[in-house]
Amino acid sequence: MPRMDPRYGVLFEPVRIGPVTAPNRFYQVPHCTGIADRAPADVAAMREMKAMGGWGVVCTENIEISQDADISPYPALRFSSDADIARQARMADLVHKHGALAGAELAHMGLYSANRTSRRPSIGPSSRLLIEAIEPVQARAMDKSDIRTLRQDHRAAALRAKAAGFDIIYVYASHNLSIASHFLARRFNDRSDEYGGSLENRARLLRELLEDTKEAVGDRCAVALRFAVEEFLGPDGLTHDGEGAEVVELLKDLPDLWDVNLSDWSNDSQTARFSQEGYQEPFVRFVKQITGKPVVGVGRFTSPDTMVSQIRRGLLDFIGAARPSIADPFLPLKIAEGRIDDIRECIGCNICLSCENSFVPIRCTQNPTMMEEGRAGWHPEIMPARRSDDRVLIVGGGPAGLECALSLARRGHHVTLAEARDGFGGRVSREAALPGIAAWGRVRDYRLGQLVKLPNVELYPGSRMEVADILGFGAKRVVIATGATWRPAVMARDGRRGADLDIPVLTPDDIMDGLCPQGRILVHDTEGGYIGGLIAEKLQLSGASVTFSTPALTHSGFLSLTLEQDRVLRRLTGLGVALMAGRELSVGLNGRVQLVSVLGGDPLDCAVDHLVVVADRVPADRLSQQLLSDPANLAEAGIKSVDPVGDCVAPGLIAHAIYAAHRLARSF
Ligand code: ADP
Ligand code: SF4
């Protein structure tokens, strides 16, 4: 039986926060769910799972304090009337059942609250266009009575949070998404009264909200301040060595807890492509030198050694986590039980955020049970026992095959996993070798690491299976997880085909399999996901001169949902990649590549040596089709079922393949 490494003991010390005490240092900071009050029971079940998994503090997402704070169509919780108390109390109760504290993040999002449902005018420190508004509307400058109303609403919401049983009540001033942040920022605040001008004046509302909250609920609840110390806007914003630090100095011992991070959200939730574990340290490390109150910070922490180092070096008191707690709700318990290898580490892909940004329940690449705890009753660590003794053969060891094998093996089935290539991982292994996303290999490493420990699993790399091999294998159930390949032809999304070109046309598979063309290369992306930019980056880094084109009006549109689009395009232009948007691929009479503007005008002749087309993928469904087309053959071989799963059914994100495979394994 493994035991906890004593070095990690410090992570399990209780820590006092004002009038309450957290049982350990694992702190799930507020994070969105993509669904919020549309399914409060599902959200509560998900939060409960975190408490069960050992997180000492489990927080909500944004809770709107009033109808003025309406961020629809983005989902949020609500404490705008007493009727909301019972609904939010459910989560606090479930979290308490496991000995954790429950935190409630009260928020008025100011210039981000478009009030599209409540239809009230938006409010802000000064009259400004709303931030990222769907409609071109402006906020009304708040007068003194608006400020009074805001304070009363915040106070009332704090009392409701207390009545609902929450232990930690937040004042929110982060991510450029809070009215308190907007008052703090010179760029939004040109008031001439005592709420504008000097930093002390601009911080007045934040101070008042903290004082009001402490006065209202401070006898029983801790009051936390979630504050972004750095906005990366230079003198136009707060900086960790300028006004950000001055705010901490001004308010230093007023909150019971500082929850510090970076603004905006894309800076806070950076992906693995742009940051390493602990990336916030250089910006937030000063906070503990100023305040005597406990400090929580984040940084995609998944390694207990890094966590201990944060505590031992006096940088943080709590290890904050949103994404690592999504990828592995049982991370703390695994550390406590000495099962470090069992941690399912976040890969920093931000698929979870892409769901919030498109208003659907968050899904996680690594954790297929995320947001299925309530509605499907899925536990992230426990699979139901098998209902038969059927042996299972799984063909294809990409993410779908690996997940299916692991989940079925955990159910107790005898599982054989056959992979054609010499190594497992499929697309994950190939994609993780592209620049900056080595962490994505954790999808493979976690599953493979678990599979090799199980006695009822046989792994066969280097084993390409054909129909006859499968029929003769002797398994009762067969899962086909053979993936997909990038379409090897010039084909636009609308199905139009280019005629013969006089240059080689390559696919992302060619590049990921090691082909390294040189000279002038056009990477044309009609898919709009992450692969196009990664291929362009890899080729440019290897010495080619790359033009990256797309028929869309912006490149890599999907990455706006993962909060990476700007960064990716900045990186590519920084490397010297030429960007062309709004251009369809065509073929000139001379057989040369042309780019035709979707906005009209003459086609552009491109003198390039190679074309890489990032179009769509072709499902590798030959095996499943052949097997399923001959039921008599299957019956004769004693095969009860053949289930294709993952990209060989419908190519999608890695998260889709993992989810489909997990779901299939539960259905056996
Ligand atoms: P998914 O995302 O659905 O898991 P991948 O493309 O990542 O899809 O993985 C599919 C895997 O299946 C690849 O590693 C590929 O080598 C493997 N594969 C494809 N055909 C066969 C086959 N006939 N026998 C064994 N493995 C196969
Ligand atoms: Fe981490 Fe990706 Fe899961 Fe989000 S979706 S928690 S970034 S692994």
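Residues numbered from 1 in each chain as written. Chains lettered and ligands numbered in written order. Predicted model: local features only at pLDDT ≥ 70, side-chain atom pairs only at ≥ 80, totals over all residues. Heavy atoms only, no water.

1. Quick word on the pairing of strand β6 (residues 101–107)
β6 sits mainly inside the fold: 7 of its 7 residues count as buried. Of the two faces of β6, the one lined by Leu 101, Gly 103, Glu 105 and Ala 107 and the one lined by Ala 102, Ala 104 and Leu 106 are each fully buried. By the bridge criterion, 6 bridges tie strand β4 (residues 57–64) to β6 in an arrangement that is parallel. Note that in β6 the partner of Val 57 across the bridge is Leu 101. (Buried < 20%, exposed > 50% of the residue type's maximum accessible area, 1.4 Å probe, protein only. Helix = DSSP H or I, 4+ residues; strand = E, 2+ residues; numbered from the N terminus. Pairing = 2+ DSSP bridges.)

2. As for the sheet that holds strand β20 (residues 520–525)
Backbone hydrogen bonds hold the strands of a sheet together, and the pairing may be parallel or antiparallel. The 5 strands are arranged β19-β26-β20-β21-β22 in an open sheet whose pairing can be described as parallel. Edge positions in the sheet fall to β19 (505–506) and β22 (578–581), since each of these pairs with one other strand and no more. Across 4 bridges, strand β21 (residues 545–550) lies against β22 in parallel orientation. Counted as the bridge partner of Ser 549 is Met 580 from β22. Packed onto the sheet, helix α20 (residues 531–541) meets β20, β21 and β26 (610–614) and runs at close to 165 degrees relative to β21. (Contact = heavy atoms within 4.5 Å. Axes fitted to C-alpha atoms, helices over the stretch in contact; angles between N-to-C directions.)

3. Notes on empty space enclosed by the protein
Overall, the coordinates contain 8 cavities of 30 Å³ or more when judged by the stated rule. The volume enclosed by the largest cavity comes to roughly 100 Å³. If you trace the largest cavity, you find 16 residues lining it, with Arg 344, Pro 380, Glu 403, Arg 410 and His 662 closest to the centre. Elements represented by at least two residues in the lining of the largest cavity include exactly α15 (399–411) and α17 (442–451). Of the residues forming the lining of the largest cavity, the biggest block, 4 residues, is contributed by α15. In terms of residue class, the lining of the largest cavity is built from 6 nonpolar, 5 polar and 5 charged. (1 Å grid on protein atoms, 1.4 Å probe; cavity = no way out; pocket = protein on both sides within 12 Å on 5 of 7 lines; lining within 4 Å. Points joined across faces, edges and corners; volume = space filled by probe spheres on them. Nonpolar A, V, L, I, M, F, W, Y, C, P; charged D, E, K, R; others polar.)

4. Overview of a nonpolar patch on the surface
Nonpolar side chains collect at one region of the surface, where Leu 553, Val 598 and Leu 599 lie side by side and expose about 330 Å² of accessible area between them. Residue placement: Val 598 occurs in the loop between β24 (593–597) and β25 (604–606). (Patch = residues over 30% accessible without salt bridge, like charges linked within 9 Å, V, L, I, M, F, W, Y side chains within 5 Å. Areas by Shrake-Rupley, 256 points an atom, 1.4 Å probe, with all protein chains shown as cover. Salt bridge = Lys/Arg side-chain N within 4 Å of Asp/Glu carboxyl O.)

5. Comments concerning the layout of surface pockets
Size it by volume and the second largest pocket reaches roughly 690 Å³. Around the second largest pocket, the lining is made up of 37 residues, and of these Ala 481, Thr 482, Gly 483, Ala 484 and Ala 620 lie nearest the centre. For the lining of the second largest pocket, the secondary structure elements donating two or more residues are α15, α16 (427–432), β18 (484–486), α19 (508–512) and α22 (622–628). Within the lining of the second largest pocket, the residues separate by chemical class into 15 nonpolar, 10 polar and 12 charged. Two domains each provide a minimum of three residues to the lining of the second largest pocket, namely domain 2 (392–483 + 620–667) and domain 3 (486–617). (Domains from an automatic or database assignment.)

6. With respect to helix α3 (residues 144–163)
An α-helix turns once every 3.6 residues. As a result, residues three or four positions apart point the same way. In this model α3 runs 29 Å from its N-terminal to its C-terminal C-alpha over 20 residues, within 8% of the 28 Å that 1.5 Å per residue would give. The secondary structure elements touched by the buried residues of α3 are α2 (84–96), β6, β8 (140–141), β9 (168–173), α4 (179–184) and α6 (204–217). Capping the start of α3 is the job of one residue whose side-chain oxygen sits 3.1 Å from the backbone nitrogen of Ser 145: Asp 143. One or two positions beyond α3, positive phi appears at Gly 165, with a value near 100 degrees. (Expected span 1.5 Å × (residues − 1). Polar contact = N/O pair within 3.5 Å; in protein donor to acceptor, adjacent residues only side chain to side chain.)

7. Quick look at the pairing of β9
Of all the 6 residues making up β9, 6 are buried; the element is thus mostly covered by neighbouring parts of the structure. What you see with β9 is no split at all: Ile 168, Tyr 170 and Tyr 172 on one side and Ile 169, Val 171 and Ala 173 on the other are buried throughout. Bridge count for β6 against β9 is 3 bridges, and the pairing is parallel. Looking at the pairing, Gly 103 lines up with Ile 168 of β9. In this sheet, strand β10 (residues 222–230) lies alongside β9 in parallel orientation, the contact comprising 6 bridges. The residue of β10 that forms the bridge with Ala 173 is Phe 227.

8. Details of the nonpolar core
By size, the foremost hydrophobic cluster in this structure holds 79 residues, and its most contacted members are Leu 11, Phe 166, Leu 206, Phe 227 and Val 229. Beyond its immediate chain neighbours, meaning those up to four positions away, Leu 206 contacts Val 171, Ala 173, Ala 180, Leu 184, Leu 225, Val 247 and Leu 251. One finds Phe 274, Val 443, Val 546 and Val 614 within the second-largest nonpolar core, a separate group that totals 36 residues. (Core = buried A, V, L, I, M, F, W, Y, C linked by side-chain atoms within 4.5 Å.)

9. Considering the side chain of Gln 366
With respect to the secondary-structure elements, Gln 366 resides in the loop between α14 (351–356) and β14 (392–395). Discounting chain neighbours no more than four positions away, the residues touching Gln 366 are Ala 327, Arg 344, Glu 345, Ile 347, Arg 442, Val 443, Tyr 446 and Arg 447.

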